[in-house]
Amino acid sequence: MSSSSRAWVVAVTVGAVEALKDQGICRWNYTLRSLHQHAKNHLRSVSQARMLSSQSSAAVWNQLREEKAKQSEESLRTVMYLSCWGPNN
């Protein structure tokens, strides 16, 4: 490739870059970057909220299980008491 052809290639490339700048490609790049950053931050907060909700639901589940165990124990005590001390038919 001769030096004049290279000069033309460089000139056309520079012209294309300048034309793209004039059309707002740089502004689109900023917009895309800001949208990407916003989405990344938002998805991080959603995943954290999901993790917290799963932890809180696990705590509620444990509490319900403990209450059910207490009710079962109380029912067993009642049955044992009535079988030992209840009325004899």
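Scroll up to find the structure this text is about.
Residues numbered from 1 in each chain as written. Predicted model: local features only at pLDDT ≥ 70, side-chain atom pairs only at ≥ 80, totals over all residues. Heavy atoms only, no water.

Engineer: Account for the overall build of the protein, with residues named and values stated.
Structural biologist: The helix and strand tally for the protein stands at two helices and zero strands. Evaluated residue by residue, the protein yields a buried proportion of 2% over its 89 residues. A total accessible area of about 8,400 Å² is found for the protein, and carbon and sulfur atoms account for 62% of it. (Helix = DSSP H or I, 4+ residues; strand = E, 2+ residues; numbered from the N terminus. Buried < 20%, exposed > 50% of the residue type's maximum accessible area, 1.4 Å probe, protein only. Areas by Shrake-Rupley, 256 points an atom, 1.4 Å probe, with all protein chains shown as cover.)

Engineer: So what about a nonpolar patch on the surface? Which residues, and what values?
Structural biologist: A cluster of nonpolar residues, Val60, Trp61 and Leu64, forms a patch on the protein surface that exposes about 340 Å² of accessible area. Within the fold, Val60 resides in helix H2 (residues 25–85). (Patch = residues over 30% accessible without salt bridge, like charges linked within 9 Å, V, L, I, M, F, W, Y side chains within 5 Å. Salt bridge = Lys/Arg side-chain N within 4 Å of Asp/Glu carboxyl O.)

Engineer: So what's going on with the pattern of salt bridges? Which residues, and what values?
Structural biologist: Per the counting criterion, the structure on display carries two salt bridges. Notably, a salt bridge pairs Arg77 with Glu74, separated by 3.9 Å at the nearest N-O pair. Separated by three residues within a single helix, Arg77 and Glu74 lie in helix H2, roughly one turn from each other. Several salt bridges converge on common partners, so that one network encompasses Glu73, Glu74 and Arg77.

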